[in-house]
Each structure stands twice: as structure tokens, then as C-alpha cells.
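Observations on the three-dimensional arrangement
Single-letter residue listing:
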Amino acid sequence: MQRYAAVAGQFYPGTREQLQTVLGELVPRESKKRRALGIIAPHAGYVYSGAIAGKVYGQIAIPPTVVIIGPNHHGAGAAAALYPDGEWLTPLGSIAINPHLNALLRHHVPFVETDSSAHRFEHSLEVQVPFIQHMRSDVTMAALCLGHGDFPAVEAIGKGVAAAVREYGGDVLIVASSDMTHYEPADSARRKDELALARVLAFDPEGLLKICHREHITMCGVIPAAVMLVASRELGATRAELAAYGNSGDITGDSNQVVGYAAVSVW
């Protein structure tokens, strides 16, 4: 099965040449690369959040296999939708779904269903793929699109992802796709985002869900981020670092209604 790019030419350039040029500008060339177990990266249009995402991608070594976990913005398909075996297409070429890792995820992750419909128009996972291809052309992937859930479900999914990665045996990076606070003044967004990011940096996925609920923090990928934290902790991660933070007002000049963006690596 092939997934064709749904937002090429909208969220990021639609031609190979333009996309390569933009990614070359967005991703810093770091001499030392960290071996991360997981990251959080934003998923807005590259003009708004691409430099934030590029910062964390430039700091890490991309292993041969990546699991991308994103939120379901459209509500289509299964609540925990694993993309079937096949490939995803972007202007940079194809990236293969890893059938062995997919099978392990189906075996170990509760609630998961093989389902392409949740992924068909979902941008949150797609916008991560060109960054990954830019950093490593021979990478394979698995793609998991998640709806809402409580912490027991998040914990079960995270532990299942960790069990699948552990049995897979090779190096795997877990990418959680998320923007932060949506459509608030920049000062308010930063205050709320600092509360959420404090829980991320403390490896407190349950606290992250609680603070987002209590403070009405509209972090759209809070479930993927919490799943990544659970899985990474199960796999031995003990440290997290904020690579970059910003908001859409940094680009538009409008600080009255912004979307926040953060990039985090865990290892």
C-alpha cells in the first residue's frame, strides 16, 4: 500500500529541489550527534515551525528505523491506527514501512488496529517524514496515529511500543509529533507551555496529561508525547532536553494569537 503525500505544497515545498533547499536551511549542521531514544517535534507548516523541528533533528543521529506517533486531527479511522505495510511517498522519494516492526507493534501494543484511513489526510506524521529522509535516506518506519485516551491507556500503549522495539532489537527512534498551545497571546502560551514542558523534562507523562487538562493547555500531541515518554523510559531513557521553543508570532509578528512549538530530545 502506498500513502501519497497529502500536504506537500502546503505545509512544505512540493518539489524535490525546493524541499531539499528548505531542509538544508532548517536543519543545522551539528558536528556531534546524540543517540536519542525519542524526540518531540512540531508539525505546523515549515515556515512557522520548521526551524524548531530542524533544531532537534540536527542534534540527533537518525537510526535505521523510526516510529512516528502523531495525533489524529480529523477523527477518522481507528483510535490507535497503525499504517499497514507498504510505503509513504514524499517529494524526496519513498520511505518503506518496516513490516517486522509493524508485526511486533500489532502483537505488543494494546488497542492498535491496522488502518490507513486515519492516516490518509493526517499532516502530523507526514511533516516529520521529509526531515527524517533528509537526515537518512535508507531509513524505514512505522506510523501510529492516536486519538484521545486516559493515562492507563497511554501507559499501556507506551509499554507496548517499548516491548515491540525491544524485541525488534535494532536502534529505533520514537518521534512524537506535537504542537503546543494554540491561538492564545504569546505570553499566555509560553506560560502554559512551560508548565507542560516541565512535566516532559521531568519524565512525568501522567503529570503531562494532568497539567494539560487542568490548565487547558491545547497541546494537540499530548497523547503521542506521553506515549513516547513512557516507551523511552521503559527502554532506559533518563534525561530530556529542550532543543528549541518558539511560536508562530516569531514569524508573523502577531503576538496576539499564536501557536507554540517545542522540540525535545530524550536519551
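Computed from a predicted structure; not experimentally measured. (Residues numbered from 1 in each chain as written. Predicted model: local features only at pLDDT ≥ 70, side-chain atom pairs only at ≥ 80, totals over all residues. Heavy atoms only, no water.)

1. Considering the nonpolar core
- Among the nonpolar cores identified, the biggest contains 50 residues, and Val161, Leu208 and Met219 are the most heavily contacted of them.
- Residues in contact with valine 161, not counting those within four places in the same chain, are Leu105, Val109, Leu144, Ile174, Val227 and Ala231.
- Leu26, Ile95, Ala143 and Val175 belong to the second-largest nonpolar core, a separate cluster that totals 43 residues. (Core = buried A, V, L, I, M, F, W, Y, C linked by side-chain atoms within 4.5 Å. Buried < 20%, exposed > 50% of the residue type's maximum accessible area, 1.4 Å probe, protein only. Contact = heavy atoms within 4.5 Å.)

2. Overview of the environment of asparagine 98
- Position of asparagine 98 among the secondary structure elements: in the loop between strand 6 (93-97) and helix 3 (99-108).
- Judged by its relative accessible area of 8%, asparagine 98 falls in the buried class.
- Along the sequence, asparagine 98 and glycine 45 sit 53 residues apart, while their C-alpha atoms lie 27 Å from each other.
- When near neighbours in sequence (up to four residues on either side) are disregarded, asparagine 98 contacts Thr65, Thr140, Met141 and Tyr168.
- Only 2.9 Å separates the side chain of asparagine 98 from the side chain of tyrosine 168, close enough to count as a polar contact. (Helix = DSSP H or I, 4+ residues; strand = E, 2+ residues; numbered from the N terminus. Polar contact = N/O pair within 3.5 Å; in protein donor to acceptor, adjacent residues only side chain to side chain.)

3. Details of the packing of aromatic side chains
- Evaluation of the coordinates by the stated rule reveals four aromatic pairs.
- Geometrically, the ring pair formed by tyrosine 57 and phenylalanine 131 is stacked, given 5.1 Å between the ring centres and 5° between the ring planes. One end of the pair, tyrosine 57, is in helix 2 (residues 46-59); the other, phenylalanine 131, is in helix 5 (residues 128-135), and 74 residues separate them in sequence.
- Feature note: the residues Tyr12, Tyr46, Tyr57 and Phe131 constitute an aromatic cluster, connected by ring pairs.
- In this structure, arginine 3 is placed above the aromatic ring of tryptophan 88, and the distance from its NZ or CZ to the ring centre is 4.4 Å.
- The lysine or arginine in question, arginine 34, covers the ring of tryptophan 267, its NZ or CZ lying 3.6 Å from the ring centre. (Phe/Tyr/Trp six-rings, centres within 6.5 Å; stacked < 30°, edge-to-face > 60°. Lys NZ or Arg CZ within 6 Å of the ring centre and 35° of its normal.)

4. Brief notes about the packing of helix 8 (residues 205-214) against helix 9 (residues 222-234)
- Put simply, helix 8 and helix 9 touch, their axes get as near as 9 Å, and they point 165° apart. The angle between the axes of helix 8 and helix 9 places the two elements in the roughly antiparallel class. As helix 8 runs across helix 9, the sense of the crossing is right-handed. Between helix 8 and helix 9, the residues in contact are Pro205, Leu208, Leu209 and Cys212 and Val222, Ile223, Ala225, Ala226, Leu229, Val230 and Arg233, respectively.
- Looking at the contact of helix 8 with helix 9 residue by residue, the class counts come to 10 nonpolar, no polar and one charged. (Axes fitted to C-alpha atoms, helices over the stretch in contact; angles between N-to-C directions. Parallel < 35°, antiparallel > 145°, perpendicular 65-115°, else oblique. Left-handed = near helix turned anticlockwise from the far one by under 90°. Nonpolar A, V, L, I, M, F, W, Y, C, P; charged D, E, K, R; others polar.)

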